[in-house]
Amino acid sequence: QVQLVESGGGLVQAGGSLRLSCAASGRTFSSYAMGWFRQAPGKEREFVAAISWSGGSTYYSDSVKGRFTISRDNAKNTVYLQMNSLKPEDTAVYYCAADTAARYTYVLPTTTTGYDNWGQGTQVTVSS
């Protein structure tokens, strides 16, 4: 079981930036894909971005493409989500997730069922 802890959320004005971090436990972080999801009140959890085990492959939802950047530092067991040009509709709880069932693959899951470990979430609020 991998423990995931998100940080970096907060309140920001529209047009501003935030960087989320997700620290993972264990010694196999560099072998599996990671993803970011978000969930707004009254809505289903939705895919935001994913990154392969090596960082060489990334994928984004259309709603954040060009504004958000996912990256990882395998030496620090950490995945990041840099969020720029934030909009009020980006307001949500953001979750990181790990796909530990598939190692050393470049397949990037985009649904919640593709991940087997989740963090507790961090709130991001964008004011207009």
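Preceding block: the structure.
Residues numbered from 1 in each chain as written. Predicted model: local features only at pLDDT ≥ 70, side-chain atom pairs only at ≥ 80, totals over all residues. Heavy atoms only, no water.

Engineer: When you look at the pattern of salt bridges in this model, what are you seeing that I'm missing?
Structural biologist: Two side chains carrying opposite charge are able to pair once their charged atoms lie near each other. Scanning all chains against the criterion turns up four salt bridges. Taking the shortest distance from any N to any O, the salt bridge between R38 and E46 comes out at 2.6 Å. (Salt bridge = Lys/Arg side-chain N within 4 Å of Asp/Glu carboxyl O.)

Engineer: Just to check I follow, could you spell out the pairing of strand β3 (residues 18–24) for this structure?
Structural biologist: Regular strands place their side chains on alternate faces of the sheet. Counting buried positions along β3 yields five of seven residues, so the element is predominantly enclosed. Alignment of strand β1 (residues 4–7) against β3, held across four bridges, turns out to be antiparallel. Residue L4 lies in a different strand from β3, and its bridge partner there is A24. As paired elements, β3 and strand β8 (residues 78–83) share six bridges and run antiparallel to each other. Its bridge partner lying in β8, A23 is registered against T78. (Buried < 20%, exposed > 50% of the residue type's maximum accessible area, 1.4 Å probe, protein only. Helix = DSSP H or I, 4+ residues; strand = E, 2+ residues; numbered from the N terminus. Pairing = 2+ DSSP bridges.)

Engineer: Please clarify how the sheet that holds β3 should be interpreted in this entry.
Structural biologist: Sheets are built from strands paired through backbone hydrogen bonds, the pairs being either parallel or antiparallel. With antiparallel pairing, the four strands of this open sheet are ordered in space as β1-β3-β8-β7. Each having just a single partner strand, β1 and β7 (68–73) make up the two edges of the open sheet. Here the average twist between neighbouring strands, direction ignored, is 15°. (Axes fitted to C-alpha atoms, helices over the stretch in contact; angles between N-to-C directions.)

Engineer: Honestly, the pairing of strand β11 (residues 122–127) in this entry has me stumped. Any pointers?
Structural biologist: Judged by which residues are buried, β11 turns out to be one-sided: T122, V124 and V126 face inward and are buried, whereas Q123, T125 and S127, on the alternate face, are not. In this structure, strand β9 (residues 92–103) lies alongside β11, joined through three bridges in antiparallel fashion. Bridging from a neighbouring strand, Y94 pairs with T122 of β11.

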